[in-house]
Amino acid sequence: MLYSIVSTDVTNSLPLRKTARPAHLERLQQLQKEGRLVLAGPNPAIDSTEPGDAGFTGSLIVAEFASLEDATAWADADPYVAAGVYTAVSVKPFKQVFPQ
């Protein structure tokens, strides 16, 4: 089943993100390699795909996991969590309707 992982950043998270980003991306690349990643990306803090020093306010990942427990465990092990980037993480079942 698909799950959405919606994360909210702490204030001024950009320095923390930069430190943990390689390990964070490595885990996402593994999901992609396994064919389980639907989409992933950050929420820019300003109306721009390149927010620069404004940074980001959170992230969205939609991926396939065997269960809610597995998705939650995967999210809890994110390097951004360990680095203190996120103030909150929500994991919920997700039903993709579009695109088909």
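In the block above lies the structure referred to throughout.
Residues numbered from 1 in each chain as written. Predicted model: local features only at pLDDT ≥ 70, side-chain atom pairs only at ≥ 80, totals over all residues. Heavy atoms only, no water.

1. Description of the packing of aromatic side chains
Here is step 1 of the chain: Under the definition given, this model contains three aromatic pairs.
Here is step 2 of the chain: Centroid distance phenylalanine 65 to tryptophan 74: 5.7 Å. Interplanar angle 50°. Geometry classified as tilted.
Here is step 3 of the chain: What makes phenylalanine 65 buried here is its relative accessible area of 4%.
Here is step 4 of the chain: Measuring from centroid to centroid gives 5.7 Å for tyrosine 80 and tyrosine 86, while their planes differ by 80°, and the two rings are edge-to-face.
Here is step 5 of the chain: Residue classification places tyrosine 80 among the buried positions, given a relative accessible area of 2%.
Here is step 6 of the chain: Cluster of aromatic residues (ring-pair linked, three or more members): Tyr3, Phe65 and Trp74. (Phe/Tyr/Trp six-rings, centres within 6.5 Å; stacked < 30°, edge-to-face > 60°. Buried < 20%, exposed > 50% of the residue type's maximum accessible area, 1.4 Å probe, protein only.)

2. Notes on a nonpolar patch on the surface
Here is step 1 of the chain: Taken together, the side chains of Val6, Val38, Leu39 and Leu60 present a nonpolar region at the surface, about 280 Å² in accessible area.
Here is step 2 of the chain: Judged by relative accessible area, leucine 39 falls into the partly exposed class, the value being 40%. (Patch = residues over 30% accessible without salt bridge, like charges linked within 9 Å, V, L, I, M, F, W, Y side chains within 5 Å. Areas by Shrake-Rupley, 256 points an atom, 1.4 Å probe, with all protein chains shown as cover. Salt bridge = Lys/Arg side-chain N within 4 Å of Asp/Glu carboxyl O.)

3. Digging into the nonpolar core
Here is step 1 of the chain: Judged by nonpolar contacts, Tyr3, Ile5, Leu28, Leu31, Ile61, Ala63, Phe65, Ala71, Trp74, Ala75 and Val91 together constitute the single largest core of eleven residues.
Here is step 2 of the chain: Taken together, the elements giving at least two residues each to this core come down to strand 1 (2-9), helix 1 (14-33), strand 3 (56-64) and helix 2 (68-76). (Core = buried A, V, L, I, M, F, W, Y, C linked by side-chain atoms within 4.5 Å. Helix = DSSP H or I, 4+ residues; strand = E, 2+ residues; numbered from the N terminus.)

4. A short note on the environment of isoleucine 5
Here is step 1 of the chain: Along the polypeptide, isoleucine 5 turns up in strand 1.
Here is step 2 of the chain: A C-alpha to C-alpha distance of 5.0 Å links isoleucine 5 and isoleucine 61, two positions 56 residues apart in sequence.
Here is step 3 of the chain: Once you skip the residues sitting within four places of it in the chain, isoleucine 5 turns out to touch Ser59, Leu60, Ile61, Phe65, Ala71, Trp74, Ala75, Val89, Ser90 and Val91. (Contact = heavy atoms within 4.5 Å.)

5. Focus on helix 2
Here is step 1 of the chain: Within helix 2, the full set of buried residues consists of Ala71, Trp74 and Ala75. The buried residues of helix 2 all sit within an arc of 100° when viewed along its axis, so they share a single face. Turned more than 90 degrees away from the buried face of helix 2 sit Glu69 and Asp76, all of them exposed. (Arc of directions from axis to C-beta.)

6. Digging into unusual backbone geometry
Here is step 1 of the chain: Phenylalanine 98 connects to proline 99 through a cis peptide bond whose omega is -10°.
Here is step 2 of the chain: Here proline 99 is to be found in the segment after strand 4 (86-94).
Here is step 3 of the chain: Even without being a glycine, asparagine 12 presents a positive backbone phi close to 55°.
Here is step 4 of the chain: Tracing the sequence through the fold places asparagine 12 in the loop between strand 1 and helix 1.
Here is step 5 of the chain: A residue is classified by how much of its surface remains accessible, and asparagine 12, at 67% relative accessible area, is exposed.

7. Topic: the pattern of salt bridges
Here is step 1 of the chain: Throughout the structure, instances matching the rule amount to three salt bridges.
Here is step 2 of the chain: In this structure, arginine 36 and glutamate 34 form a salt bridge, with 2.5 Å as the shortest nitrogen-oxygen distance.
Here is step 3 of the chain: Under the relative-accessibility criterion, glutamate 34 is labelled partly exposed at 39%.

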